[in-house]
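# An overview of the molecular structure
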Amino acid sequence: MLSIDWDVRCVMGSDLIKHGLELSTALLFTMLAEPKKPITFACYVDVLLDSAIHKSLEYGVLPEMADRVRKGCRVMVPVRGSLRSGYILDVKQDSTFPSVKAIADVLSTEPLLTSELFDVALWMADYYCSPLSHVLKVMLPSSLREKVRAKEQQYVMRAKTRDEMADICRSLRARSPKQVDVLDVMLKVRKGILLTELLEQAGTSRAPVDSLVKKGLLLIDIVRTDRSPFQNEEYFRTKPKTLSGEQAASLKATTDLLNAGRFGVNLLYGVTGSGKTEIYLQAIDYALCQGKGAIMLVPEISLTPQTMERFRSRFDNKIAILHHRLSHGERHDEWHRILRGDASIVIGARSAIFSPVKNLGVVVVDEEHESSYKQNDSAPCYHARDVAVMRAKLEGAAVILGSATPSLESFHNSQSGKYHLSRLSTRPDASKMPTVRIVDMRLEREKAGGYALFSQGLLEGIKARHGRGEQCILFLNRRGYHTSMLCGSCEHVVECPRCDVALTFHKNDQQLSCHLCGHTLCPPPATCPECGAPDTLKYRGVGTQQVEKALYAMMPGVRIIRMDADSTRHKGSHQQLLRDFGSGKADVLVGTQMIAKGLHFPQVTLVGILNSDAALNIPDFRASETVFQLITQVSGRSGRGDAHGEVIIQTMLPDNRTLELAAEADTDTFFEEELNVREAFNYPPYQQMVKVVFTGTDSSETVRTAEELRKLLIFALPQDCELHPTLPCGYARVKDRFRFQFVVQGPRGFHLRGGVLETALKKLRLPRNVRMLVDVNPLSTYF
């Protein structure tokens, strides 16, 4: 027997109405009882709140709720005068406190997180230096936290036999023609029909249906329907393909792990078009035959519908899809399909690694080098590839990391024996790798007598492909029409008032736009906002909109599709644009990096990379690796059919070593040289790196806070760690918040965990307007 001290005001009134709780009679009696009246609890639970408090709180469970309380369930609890939602971390029989409060309600009827996912969450909180509540928020979709319900529809059925209803129709036809229209439809259906469809086919309102229900002629029942993202999608069933020798050896490395039921990582290093997807399909099929589940991570999944079609054609309805473009309802239904075991294969972007797949057998990370797998802007700053490896290790599953250009970290792990390396050196259909040419745009501009967007060779190549009925892809990783607006008098660049970045001109909307915060300036200014000079503002730089317009002006007969964040704002627009291009409705596809990977168009025989060297100028140790990977991936879209492919790389740095190796597709040499550079400067993968970012509305206060923590860490860190100075971030101000950072470097295995950061933060009180973000293994030390 423990006493419970209820403050009736904290759980009565507006909070109960706000949360819509249906409290039991016993709990209402408890709330209205005298303070400190002894209450018997069936058990006790540790609850972690969604926000504010990062430590678990203990509550009692009343007997009538005991059968619904399990680890991983969501509950509503009283905290400081209000009701808060949270997760049950543990269920126990004894309390550690003499007096506790009771949970107010159980929000979920079943645990939303498996015990294995709880273990992953604990590891992430520790490794990524993040509160556990933040980790759980990332793991569970907002549709589950916001109590989105399953979609329910009304289903209408006959309450009489067809013969009886036919007789009734004849008697009603003169008096109630609307009711007869409804009965005519019901006579044709086999068992029943959705109410919405019935009303549409009968061409009537709800009233005649209700009248027929009252007369006992019709029955209405409530049915649940899945909001499937595959609805109305067409596909053809396919069978497994015959594997080449290299493919078979790679598949065996994974099936051996599945047979043994043990953890292992297979790095699938294969050239573009070498058949990595077929290995994924057959490895997943092998896991399914063993009664196991699978997770397939794909970068920017909403942009690669071809992958979905391949998997759907092989596995039918066993697939669930999870990505950010799903509606709340669709994500809710897909998550519960996985939780029930109705879907044994999950395909999605980085957050899909947290899906509650039962008996996980294999995890596939396609294009494992992709930066979109890393969360950078909020805690926890996790990398889905690394979480996938840890989850597979905890569950004894196999991992396939696939890429034509593996990350240097993964390649280094394969060389040190941590991962198994499988190579695919050729394309299985005997198609050759494309021919790659580097074009010096300095010479092209001399020939043109000024600025040249397209080299002569690229224009001739597009004309030749158009004449042969083949297709081309033009890649430029910059959307918009012009990248900046410059004053010719004072050289002032028109910047975003909230961010330290130039505004981009979008011709279709006739406005300047900030790509960081979304601020717009419409129409663009006519006079310089700095010096006030009229008619001196000029546009500079090229974006995908200008590429599209310029090419159309030069070749009016060429059909062009542009694919970037502006042209794919609406749901389903990605799939539609790629379908149109794949079906031959366009000759040229112009786009940003969303067209650089995962696409298979056999008719594409020419790829033009318009500004390949822009990212090389970024002061970041990963710049060369990023450019090499991007060029290799884009080049791989060419020549995937019967016709030989060609790639033209336009650059102002034709002698750059990274571009030369990318043109030669010499990945091994690039890895060797780049790893030597990394080792010389103690960069990852030879040392660990942690970036600590501070943001605030006051620049002086923000940098002062960063310096205070840095000084505290100087005395707390081991001797073999290096603490870099505090510097402004590459984007020094975003959304009116100033940004500063410092980087900590240490030996592999070093981390800020183990109390180092926690101890320092106890001595440092963060100002209210300053936020801190810890980024473990950052992808960039600049931005």
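Residues numbered from 1 in each chain as written. Predicted model: local features only at pLDDT ≥ 70, side-chain atom pairs only at ≥ 80, totals over all residues. Heavy atoms only, no water.

With that out of the way, let us pick up the sheet that holds strand β7 (residues 101–102). Strand pairing in a sheet is mediated by backbone hydrogen bonds. Such pairs are either parallel or antiparallel. Overall, mixed pairing links the 6 strands, which are arranged β7-β4-β3-β6-β5-β8 in an open sheet. Since the sheet does not close on itself, it has two edges, and those belong to β7 and β8 (105–106), each with one partner. Sheet analysis places strand β3 (residues 43–49) next to strand β6 (residues 82–92), joined by 6 bridges and oriented antiparallel. Looking at the pairing, V47 lines up with I88 of β6. Across the sheet, helix α5 (residues 132–139) touches β3 and β6, and the angle it forms with β3 is around 80°. (Pairing = 2+ DSSP bridges. Helix = DSSP H or I, 4+ residues; strand = E, 2+ residues; numbered from the N terminus. Contact = heavy atoms within 4.5 Å. Axes fitted to C-alpha atoms, helices over the stretch in contact; angles between N-to-C directions.)

This brings us to the pairing of strand β30 (residues 687–696). In terms of residue burial, β30 counts as a mostly covered element, since 10 of its 10 residues are buried. The two faces of β30 match: Q687, M689, K691, V693 and T695 on one face and Q688, V690, V692, F694 and G696 on the other face are all buried. Bridging between β30 and strand β33 (residues 737–747) involves 10 bridges; their strand directions are antiparallel. Looking at the pairing, V692 lines up with F742 of β33. (Buried < 20%, exposed > 50% of the residue type's maximum accessible area, 1.4 Å probe, protein only.)

With that out of the way, let us pick up the environment of P654. Looking at the element boundaries, P654 is found in the loop between β29 (646–651) and α22 (657–663). In sequence terms P654 and V439 are 215 residues apart; their C-alpha atoms lie 7.0 Å from each other. The contacts of P654, once residues within four sequence positions are left out, are I438, D440, R442 and E660.

The subject of this paragraph is the pairing of strand β34 (residues 770–776). Most of β34 is tucked away, with 5 of its 7 residues classed as buried. Pairing of β30 with β34 involves 7 bridges; the strand directions are antiparallel. Bridge pairing in β34 places G696 opposite V770.

To continue, consider the pattern of salt bridges. One pass over the structure, following the stated rule, counts 36 salt bridges. When the shortest N-O distance is used, the salt bridge between E470 and R468 registers 3.3 Å. Classification of E470 by relative accessible area gives buried; the value is 13%. Residue R559 pairs with D587 through a salt bridge whose shortest N-O separation is 2.9 Å. Residue R559 is located in the loop between α19 (544–554) and β26 (560–563), and its partner D587 is located in the loop between α20 (573–582) and β27 (588–591); the two are separated by 28 residues in the primary sequence. Within the structure, one salt-bridge network assembled from shared partners comprises R437, R465, R468, E470 and E646. (Salt bridge = Lys/Arg side-chain N within 4 Å of Asp/Glu carboxyl O.)

Turning to the packing of aromatic side chains, a few remarks are in order. Applying the stated criterion across every chain, the model contains 19 aromatic pairs. Relative to Y683, the ring of F681 lies with its centre 6.1 Å away and its plane at 20°, an arrangement referred to as stacked. Three or more aromatic residues link up through ring pairs in this structure, and these residues are Y269, F411, F628, F670 and F671. Over the face of the ring belonging to F118 we find K71, whose NZ or CZ atom lies 5.1 Å from the ring centre. (Phe/Tyr/Trp six-rings, centres within 6.5 Å; stacked < 30°, edge-to-face > 60°. Lys NZ or Arg CZ within 6 Å of the ring centre and 35° of its normal.)

Right, let's get into the sheet that holds strand β18 (residues 420–424). The strand order β14-β15-β13-β16-β17-β12-β18 describes an open sheet built from 7 strands, whose pairing is parallel. Each edge of the sheet is formed by a strand with only one pairing partner; in this case those strands are β14 (319–322) and β18. Strand-to-strand twist of the sheet, defined as the mean angle between neighbouring strand axes without regard to direction, takes the value 15°. Of the strand pairs in this sheet, strand β12 (residues 264–270) and β18 are connected by 5 bridges, and their pairing is parallel. Bridged to L267 within β18 is L421.

Moving on, we come to helix α8 (residues 177–188). Over its 12 residues, α8 runs 17 Å from end to end, which matches the ideal 16 Å to within 8%, given 1.5 Å per residue. Within the span of α8, buried status applies to Q179, V180, V182, L183, V185 and M186. (Expected span 1.5 Å × (residues − 1).)

Here we come to helix α23 (residues 667–680). Spanning 14 residues, α23 covers 20 Å between terminal C-alpha atoms, matching the ideal 20 Å at 1.5 Å per step. Inspection of α23 places T667, F670, F671, E674, L675 and R678 among the buried residues, and these make up the whole buried set. Along the axis of α23, the buried residues cluster in a sector spanning 120°; they form a single face. Exposed and facing more than 90 degrees away from the buried side of α23 are E672 and A680. Where the residues of α23 are buried, they touch β12, α16 (408–415), α21 (623–635) and α22. (Arc of directions from axis to C-beta.)

The next subject is the packing of helix α11 (residues 245–260) against helix α12 (residues 276–289). The N-to-C vectors of α11 and α12 enclose an angle of 25°; their axes lie 10 Å apart at closest approach. Between α11 and α12, the interaxial angle falls into the category roughly parallel. You can see that α11 and α12 cross each other, and the crossing is right-handed. Judged by residue contacts, Q247, S250, L251, T254, T255, L258 and N259 of α11 engage E278, I279, Q282, A283, Y286 and A287 from α12. Residue composition of the contact of α11 with α12, by class: 6 nonpolar, 6 polar and 1 charged. (Parallel < 35°, antiparallel > 145°, perpendicular 65-115°, else oblique. Left-handed = near helix turned anticlockwise from the far one by under 90°. Nonpolar A, V, L, I, M, F, W, Y, C, P; charged D, E, K, R; others polar.)

Everything listed here is a matter of geometry and, on its own, says nothing about what the molecule does.
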